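Structural characterization, general
Each chain, letter by letter, is given below.
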Amino acid sequence: MTTATAAGTGTARKPATMAQALGRAMRDAMAADPSVHVLGEDVGTLGGVFRITDGLAKEFGDDRCSDTPLAEAGILGTAVGMAMYGLRPVVEMQFDAFAYPAFEQLISHVSRMRNRTRGTMPLPITVRVPYGGGIGGVEHHSDSSEIYYMATPGLQVVAPATIADAYGLLRAAIASDDPVVFLEPKRLYWSKGDWSPDRPDEVPPIGRAVVRRPGGGTAGGSGPGRSATLITYGPSVPVCLEAAEAARAEGWDLEVVDLRSLVPFDDETVCASVRRTGRAVVVHEATGFGGPGGEIAARVTERCFHHLEAPVLRVTGFDIPYPPPMLERHHLPGVDRVLDAVARLQWESEFTEGRAV
Amino acid sequence: MTTATAAGTGTARKPATMAQALGRAMRDAMAADPSVHVLGEDVGTLGGVFRITDGLAKEFGDDRCSDTPLAEAGILGTAVGMAMYGLRPVVEMQFDAFAYPAFEQLISHVSRMRNRTRGTMPLPITVRVPYGGGIGGVEHHSDSSEIYYMATPGLQVVAPATIADAYGLLRAAIASDDPVVFLEPKRLYWSKGDWSPDRPDEVPPIGRAVVRRPGGGTAGGSGPGRSATLITYGPSVPVCLEAAEAARAEGWDLEVVDLRSLVPFDDETVCASVRRTGRAVVVHEATGFGGPGGEIAARVTERCFHHLEAPVLRVTGFDIPYPPPMLERHHLPGVDRVLDAVARLQWESEFTEGRAV
Amino acid sequence: MTVLEQPGAYRPTPPPAWRPRVDAAPLLPDAEPYRLLGTAAAADVPADLLTRLHRELVHGRRYNAQATALTRQGRLAVYPSSTGQEACQVAAGLVLEERDWLFPSYRDTLAAVVRGLDPVQALTLLRGDWHSGYDPHTHRVAPLCTPLATQLPHAVGLAHAARLKGDDVVALALVGDGGTSEGDFHEALNFAAVWQAPVVFLVQNNGFAISVPLAKQTAAPSLAHKAVGYGMPGRLVDGNDAAALHRVLDEAVRRARGGKGPTLVEAVTYRIDAHTNADDATRYRTDAEVEAWRAHDPIALLEDAMRDRDLLDERSVEAVRESAERLAADLRERMNQDPVVDPMELFEHVYANKTSQLREQAAQLRAELDAETGADESEKGAR
Amino acid sequence: MTVLEQPGAYRPTPPPAWRPRVDAAPLLPDAEPYRLLGTAAAADVPADLLTRLHRELVHGRRYNAQATALTRQGRLAVYPSSTGQEACQVAAGLVLEERDWLFPSYRDTLAAVVRGLDPVQALTLLRGDWHSGYDPHTHRVAPLCTPLATQLPHAVGLAHAARLKGDDVVALALVGDGGTSEGDFHEALNFAAVWQAPVVFLVQNNGFAISVPLAKQTAAPSLAHKAVGYGMPGRLVDGNDAAALHRVLDEAVRRARGGKGPTLVEAVTYRIDAHTNADDATRYRTDAEVEAWRAHDPIALLEDAMRDRDLLDERSVEAVRESAERLAADLRERMNQDPVVDPMELFEHVYANKTSQLREQAAQLRAELDAETGADESEKGAR
Ligand SMILES: Cc1ncc(C[n+]2csc(CCOP(=O)(O)OP(=O)(O)O)c2C)c(N)n1
Ligand SMILES: Cc1ncc(C[n+]2csc(CCOP(=O)(O)OP(=O)(O)O)c2C)c(N)n1
Ligand SMILES: [Mg+2]
Ligand SMILES: [Mg+2]
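No experiment lies behind these values; they were computed from the predicted model shown. The numbers attached to residues start from 1 for each chain and follow its sequence in the written order. To read the labels, note that chains go from A and ligands from 1, taken in the order they are written. Local features in this predicted model are restricted to residues whose pLDDT is 70 or higher, and side-chain atom pairs enter the listing and the counts only when it is 80 or higher, whereas totals over whole chains, interfaces and linings include all residues. Side-chain measures were taken over the full set of non-hydrogen atoms in the model, leaving aside hydrogen atoms and water.

**Observations regarding the site of ligand 2**
The full set close to ligand 2 counts 21 residues, and A:E72, D:R107, D:D177, D:G178 and D:G179 are the nearest of them. Nearness here has a simple test: a residue counts as near a molecule or strand if at least one of its heavy atoms is within 4 Å of that partner. Flanking ligand 2 are residues from chains A, B and D. Within the backbone of D:G178, one N or O atom sits 2.8 Å away from an oxygen atom of ligand 2. At a separation of 2.9 Å, an oxygen atom of ligand 2 approaches a polar backbone atom of D:F208. Accessible areas in this description were obtained via Shrake-Rupley with a 1.4 Å probe; residue shielding takes into account the shown protein chains only. Protein chains shield 96% of the accessible area of ligand 2, which is 590 Å² for the free molecule. Just so you know the grouping, Ala, Val, Leu, Ile, Met, Phe, Trp, Tyr, Cys and Pro go in nonpolar, Asp, Glu, Lys and Arg go in charged, and all remaining residues, Gly too, go in polar. Considered class by class, the residues forming the shell around ligand 2 number 8 nonpolar, 7 polar and 6 charged. Polar contacts, as used here, are pairs of N or O atoms within 3.5 Å; protein pairs need one atom able to donate a hydrogen and one able to accept it. Residues neighboring in sequence count only if both atoms are side-chain atoms.

Here you go:
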């Protein structure tokens, strides 16, 4: 399994997993603010099926970290009521596909209550969703459903890819007065990195993308050359970093932009990179058709049309229900497919003939 | 209210409404195939809140057209069971937003059962959804949620814009062995056209777009000139036809492509038009960010990049919850906004100076 | 069901008792709806309560008539009337303390008005100028809820939160007979019972969900019989008997406040008007049925009981009617003024801070509006 | 709840009776779970039924052990064991006619196997080579359902459809105690009762939903008490007493078949293993609790009762054990073979006909696979 360590800073003096960083973020938020409450299925005694909430019930009591009855609409619906009364609920959906029963509450209430009440009743709810595949989960355990949330005004949609972001973005999500769908790439839960729980790194706020890997040779706006931008987020960030590394061998110089949040979307950072490179590939696990990549490609194209040497391409999951474990590797966008897409970015125009694509 | 008559064929010898055509489609399907069953809230005695199922319970009995208890997941979930036993349920969701409670059944079962069972258990279910705005409905009565369905592999997504299509596509949807989300543009329910219930027009199958308005002057592939393609569907088709008419005055020659179905998507027809015109605007009511337009713009760009004189633009609803009745006209994409977008298609390059944009 | 007789003595070690079994009997509703008016016990209802109820019922009926009239004048987009159900509305509006919360559906503007909300604010959704016309905190009235039964978990969550904070707050949530079929009803009641949340669920069983009669909605002996399945008491009450309703709700609210958990109350009533002004009720019910229910009118029931106790005379009836007319006139007048709507507000409340695309879109609309105004101005100038 | 006494005689015209009121009493479960084994009535259970139940219980236990072992060998991705719940599984698997339908959850592969499904096919989902390993029509077993309670409306719809078609078919749907909290449970039971669909709901109340004990799941006297709220009978049965379960389910199936509508059966049992092999049950329950339930083991219970009637001796026990071993060995052997998976199948069943983009994507994967094979071949060639 690919890990996020590629983005880390070297010697793992204090190696931490993303799971630990997420748990710590909730712990610190609960310690700092008594209105933060965690609820969901198995989040208490068990500490969650991924153990992300481990220890919270013990430290803060069952009332602050509560096992609920097994009903996702009920969980989110009661969280709405709690938020109406001034609490900051952090809700865990056990797996991505098990958030679907809560869809009506999410769309018709969570996303709209602030607007409905002219700002007088914001709902500071964080909906944590372990999402994506790559862990060998059977049906319904590997969905990537971010487009459903992205397409719903009123929701923020956040997906960390690094351990520092897992902590920093989750703290920011809990502190946000707007509801946040917080997508935790479950196959990065056990990725390790150098991170200090006592002095967690400052990270940019929700709504800001970061260039995880600047285009080496051509950085600084020196024009397209043999460079391109990989636009990605969540579990695909490590894949893109690996692809960018591998691409050096082919003579490509790839920037990797980690979106960090899909809503708000950071056009500025993304478009600055694409204007630098002139080419872009969007990479995500979710299915392609109607998925996030369409929006991203379309808005980049609207804004950077005259800088583009080639259409923005997409490397995504196939347009199929998520496959069973034995076949998922064929579905997931991996390094090879990213490199294939890069190769299709119409380099011919600038080629010295004879170099293979 | 704009109507679809613009697409009609002249003297309304037998004027029919889209509502009538839809009702007739169900009636004829039920008469032709005893396995077709209609179910939903108020579809029986009342004939539905839009009267689309009027008369069906009387003609075919309560068992063929049944009022259900008030529970959308229950309606769709029992329809799944009925389809498992060989029936062809046609389910009515009373309004677009009231389909959300059925989301889990739709995503986790309706869309996946065929795939799950390796094709041995297809689910020929039609989910009729009165959708979109423009009827002065209060909150939750005007949503456009097609992206949620488009992004879900296994579902077909159909949206008629004409009376002939309302009938023909609904018959095709009911006859389809795959589940279909059938989006009925509710503000076109009372649009009138010349249509014969006894000899309904043949229409192309689901999955085929049609050019509703060919580019007059430049038709036949004579290159871009001052032409562009409006790509649209459902309630925005009449808007685009009106815009195309108005655009003549500005010297623009616009083709209007009616997608008819979002899934399957007819790349061929759409791209052929865009290659002819070199410019395109996607028009729909749904919100822009993460909406259908992103996918459409992205795939057109992927396929037609070197034919494009300008980026594919989008004219959509704003990225806000659907507005209250008194403000909805500001939200809905109308003729003016379509023309504005057309004007922004970077015509400068081919301009004789001095002509205003 | 005792189709199979429980056989005699049991010899093996019985399985461990793993939970306290509560006794089901006290949770079951009585077979007949609870009633006060028209019974001997009506004599014990405090006179001032009856007077208050009467005043609100008469005002409420007039309010419903006025709101319906406003739909005909195009001043309301739609109105779901509570005519015939005023007793439920009034009792729900009166039974709570100021610090408590009310969770109404689209049909329950009257309850909100009884609780103190300005009717113009209460009608904002139905007028069409915004989704909700009031700050929920001012009168502790949640926004009118349209997606059926979805407000119930909100009420549970709020009541639970209040209890966690140590506040003495009860939530009262309204739902229709149709709404009880939704999954959210089930989940809300279950959470409430497990959490022992201080919440009262009032089902206004008005016999229909739009056109669908109760018999197609449920096969249960009564909706109140659902309560035992969650471990909370279920009460059945005559929904047209304002005094009975007030007493049953008051009892349930006290129970909740006392830490004894939630109650489900089913009020059997009838929707005299069509579902909304847009509905044609003759398609699914007979005039005879409506007439039979008119004979069990909540105002008439109360007035009879008050006359029995000499609490009502022509003068006092007239006085209440007059004040109802004044309220109606005021409502009519204020609703006849065009509300001030600002299209730019569409972008204001989607998020705490506008996203960049909302800023772009707001600028676009601003420009369009300016162009419109500019065109108007120059047109005016030209004339 | 009779906090408020129903007052005396009622004078006004009572409101019209608008629906037939059913009597609640027969719908309520008994306070104690129904039991046969260990009671005098066990003597009347047909000997061949007991022998059949015994054989299946022993096979079932061995099956569970084998499947769990296969997770350790990496041959199953995950296994939710039904050890301790075999009586529910076996009774559910045996009680139906061939034409009837079974709706299992992820935990109910054993019931499907008892019904005749090949265990290798039943385990396909959990092995990870496809989402479902069998054609549901061959044994009339719906695909194992993972999203909790979502299979219940399917069972209702299927049973309803069969009845509409005039077919004499009953559906039996399994769900866990946790699953009863989902909205789909509520909606399914309500539809079933309103439609009088021939369906039986069997709740395997094994005390836990993963780590969450029943007391945090419901405050109800029992889960069977939910039935009255839908207007169907609720039965409570000892879920470790195979004979009692078989009788109660048989009765419910007959009732459904006879057009008398649905039944809710709650079987009180216990999950002896962890939730799945991936779960650590020591985090949320004590060994003492598990041991107490082991003392109420379904196989031991049945064997004791059979010994009382001289229906079991060492030889017959040994024979059953041996056949169980043969089944396990066969399962082990067949599961140890790598299943044939074809990546191209990913695109085959999404729609009846592939969309153009699925064709494109299939071509892409085909090319990738060919390239891989090509690379392999040339590597081989080089060696
Ligand atoms: C989730 C959902 N589905 C459907 C509707 C459409 N709808 C509005 S009112 C109504 C009937 C409600 O009946 P009931 O709960 O008895 O309340 P009543 O209108 O009688 O007060 C329906 C189906 C809705 N508002 N929400
Ligand atoms: C809709 C949904 N939410 C959450 C889950 C995750 N999950 C799988 S099993 C389980 C517990 C189920 O408990 P119960 O219904 O009692 O059945 P048991 O596992 O005890 O047989 C949970 C929460 C799921 N499968 N589906
Ligand atoms: Mg009603
Ligand atoms: Mg359980």
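**Thoughts on the pairing of strand β2 (residues 171–176) of chain C**
Residues and elements named next belong to chain C. Burial of β2 is extensive: 5 of the 6 residues sit out of reach of the surface. For strand β1 (residues 101–103) and β2, the ladder comprises 3 bridges, and the chain directions are parallel. Bridge assignment links L102 to a residue of β2, and that residue is L172. The criterion for strand pairing is that DSSP finds at least two bridges linking the strands in question. Numbering goes from the N terminus for both helices and strands, where a helix is a DSSP run of H or I of at least four residues and a strand is a run of E of at least two. Direction of pairing for β2 relative to strand β3 (residues 199–205): parallel, over a ladder of 6 bridges. Bridging from a neighbouring strand, A173 pairs with F201 of β3. The parallel pair β2 and β3, bridged by helix α8 (residues 183–195), forms a crossover whose chirality is right-handed. Throughout, exposure labels follow a simple rule: accessible area from a 1.4 Å probe, protein chains only, divided by the maximum for the residue type, with under 20% read as buried, over 50% as exposed, and the rest as partly exposed. Call a crossover right-handed when, viewed with both strands pointing away from you, the route from the first strand across the helix to the second goes clockwise.

**Brief notes about the site of ligand 1**
Taken together, the neighbourhood of ligand 1 is formed by 21 residues, with B:E72, C:Y106, C:R107, C:D177 and C:G179 sitting nearest. Looking at the residues close to ligand 1, they fall on chains A, B and C. Contact between ligand 1 and C:Y106: an oxygen atom at 2.8 Å from a side-chain N or O atom of the residue. At a separation of 2.9 Å, an oxygen atom of ligand 1 approaches a polar side-chain atom of C:N206. If ligand 1 stood free it would expose 580 Å²; the protein chains cover 96% of that surface. Residues belonging to the shell around ligand 1 are distributed by class as follows: 8 nonpolar, 7 polar and 6 charged.

**Observations concerning the sheet that holds strand β2 (residues 36–40) of chain B**
All names here are of chain B. Here 7 strands make up an open sheet; going across it, the order is β3-β2-β4-β5-β7-β6-β12 and the pairing mixed. Where the open sheet ends on each side, the last strands, each with one partner, are β3 (65–67) and β12 (261–263). The sheet shows a mean angle of 20° between the axes of neighbouring strands, direction not considered. Pairing of β2 with strand β4 (residues 88–92) involves 5 bridges; the strand directions are parallel. The residue of β4 that forms the bridge with L39 is V91. Against the sheet, helix α1 (residues 18–32) engages β2, β3, β4, β5 (126–131) and β7 (180–185), with an angle of about 130° to β2. Inter-axis angles, ranging from 0 to 180 degrees, are taken between N-to-C directions of lines fitted to C-alpha atoms, where helices are fitted over the stretch in contact. Contacts are assigned to residue pairs with any non-hydrogen atoms lying within 4.5 Å of each other.

**Focus: the coordination of the magnesium ion (ligand 4)**
All names here are of chain D. At the metal site, the magnesium ion (ligand 4) is ligated by D177 (OD), N206 (OD1) and F208 (O), and these contacts range over 2.0 to 2.1 Å. We note that the donor set of the magnesium ion (ligand 4) lies within a single chain, spaced as D-x28-N-x1-F. Note that D177 is positioned in the loop between β2 (171–176) and α8 (183–195) and N206 in the loop between β3 (199–205) and β4 (208–209), a separation of 29 residues in sequence. Of the two residues, D177 and N206, neither departs from the other in class, the shared state being buried. Atoms are scored as donors when they are N, O or S and lie within 2.8 Å of the metal, with 3.2 Å used for Na, K and Ca; no water is included, so coordination may look incomplete.

**Remarks on a negative patch on the surface**
A contiguous patch of negative charge, built from C:D310, C:D313, C:E314, C:E318 and C:E322, is present on the exposed surface. With relative accessibility at 59%, the residue C:E314 sits in the exposed group. The patches described consist of residues with a relative accessible area above 30% and no salt bridge, like charges being joined within 9 Å and nonpolar side chains (Val, Leu, Ile, Met, Phe, Trp, Tyr) within 5 Å. Between Lys or Arg on one side and Asp or Glu on the other, a salt bridge is scored when a side-chain nitrogen of the former is within 4 Å of a carboxyl oxygen of the latter. In summary, the charge assignment counts Lys and Arg as positive and Asp and Glu as negative, without counting His or the chain termini. Throughout, a charge is located at the NZ atom of Lys, the CZ atom of Arg, the CG atom of Asp or the CD atom of Glu.

**Let's talk about the coordination of the magnesium ion (ligand 3)**
Residue and element names in this part refer to chain C. The magnesium ion (ligand 3) binds to the protein through D177 (OD), N206 (OD1) and F208 (O), with metal-donor distances spanning 2.0 to 2.1 Å. In primary sequence terms, the donor set of the magnesium ion (ligand 3) follows D-x28-N-x1-F. Taken as a pair, D177 in the loop between β2 and α8 and F208 in strand β4 (residues 208–209) lie far apart in primary sequence, 31 residues in all. For the pair D177 and F208, a shared accessibility class is recorded, and that class is buried.

**Focus on the domain arrangement of chain C**
Each domain's limits were defined by an automated method or a database of domain assignments. By the assigned domains, chain C splits into domain 1 (25–335) and domain 2 (343–382). Inter-centroid distance (C-alpha atoms) of domain 1 of chain C to domain 2 of chain C is 41 Å.

**Brief notes about the UniProt feature "domain: Dehydrogenase E1 component" (unreviewed entry) in chain C**
UniProt positions are given in the numbering used here, feature names are shortened, and annotations may be inferred rather than shown by experiment. The UniProt record annotates "domain: Dehydrogenase E1 component" (unreviewed entry) at residues 64–339 of chain C. Secondary structure content for residues 64–339 of chain C is 45% helix and 11% strand, while the C-alpha to C-alpha distance between its ends is 21 Å.

**Quick notes on the packing of aromatic side chains**
Aromatic contacts are taken between Phe, Tyr and Trp rings whose centres are within 6.5 Å, Trp giving its six-membered ring; a plane angle under 30 degrees counts as stacked, one over 60 as edge-to-face, and the others as tilted. Taken as a whole and judged by the stated rule, the model has 39 aromatic pairs over all chains. Ring geometry for A:F103 and A:Y148: centres 6.2 Å apart, planes at 80°, overall edge-to-face. One end of the pair, A:F103, is in helix α4 (residues 103–110); the other, A:Y148, is in helix α6 (residues 146–150), and 45 residues separate them in sequence. Looking at A:Y148, the relative accessible area reads 5%, which means it is buried. Here C:Y63 and C:Y79 contribute two aromatic rings whose centre-to-centre distance is 6.3 Å and whose plane-to-plane angle is 85°, an arrangement assigned as edge-to-face. With a gap of 16 residues between them, C:Y63 in helix α1 (residues 47–72) and C:Y79 in the loop between α1 and α2 (86–95) connect regions that are remote in the sequence. Using a relative accessible area of 8% as the deciding quantity, one classes C:Y63 as buried. Residue class for C:Y79 comes out buried when judged on its relative accessible area of 1%. These aromatic residues form a ring-pair network of at least three members: A:Y100, A:F103, A:Y148, B:Y100, B:F103 and B:Y148. As a reminder, the over-ring test applies to NZ of lysine and CZ of arginine, requiring each to be within 6 Å of the ring centre and within 35 degrees of the ring normal. A cation sits over an aromatic face here: B:R279 above B:W347, 4.1 Å from the ring centre. Its end group placed over the ring of D:Y34, D:R235 keeps NZ or CZ at 5.6 Å from the ring centre.

**Notes on the packing of helix α2 (residues 86–95) of chain D against helix α10 (residues 242–257) of chain D**
Residues and elements named next belong to chain D. The geometry of α2 relative to α10 is characterised by a closest axis approach of 9 Å and an angle of 40° between their N-to-C directions. Crossing geometry of α2 relative to α10 is assigned as right-handed. Mapping the contact onto sequence places A87, C88, A91, A92, L94 and V95 in α2 and A242, L245, H246, L249, D250 and V253 in α10. Across the contact of α2 with α10, the residue classes tally to 10 nonpolar, 1 polar and 1 charged. Take the far helix as your reference; a near helix turned counterclockwise from it by less than a right angle gives a left-handed crossing, and one turned clockwise gives a right-handed crossing.

**Examining the environment of C:R75**
Residue and element names in this part refer to chain C. Mapped onto the fold, R75 is located in the loop between α1 and α2. Leaving out residues up to four positions away in the same chain, R75 has contacts with L70, R127, M335, N336, Q337 and D338. A polar side-chain atom of R75 sits 2.7 Å from a polar atom in the side chain of D338.

**Comments concerning the domain arrangement of chain A**
All names here are of chain A. Assigned domains of chain A: these are domain 1 (14–202) and domain 2 (210–352). One C-alpha centre belongs to domain 1, the other to domain 2; they are set 28 Å apart. Contacts between domain 1 and domain 2 engage 27 residues on the former and 23 residues on the latter. Here the quantity called buried area is the total loss of accessible area, with a 1.4 Å probe, experienced by two parts when brought into contact, counted for both. Buried area between domain 1 and domain 2, summed over both chains or domains, comes out near 2000 Å², and the portion from carbon and sulfur atoms is 59%. The tally of links from domain 1 across to domain 2 stands at 3 salt bridges. Note that D165 and R212 form a salt bridge whose closest N and O atoms lie 2.8 Å from each other. At the surface where domain 1 touches domain 2, the tally comes to 11 residue pairs in polar contact (both at pLDDT 80 or more). Going through the elements one at a time, α6, β6 (156–158) and α7 (163–175) are the ones with two or more residues in the side of domain 1 that touches domain 2. By residue class, the composition of the side of domain 1 that touches domain 2 is 14 nonpolar, 9 polar and 4 charged.

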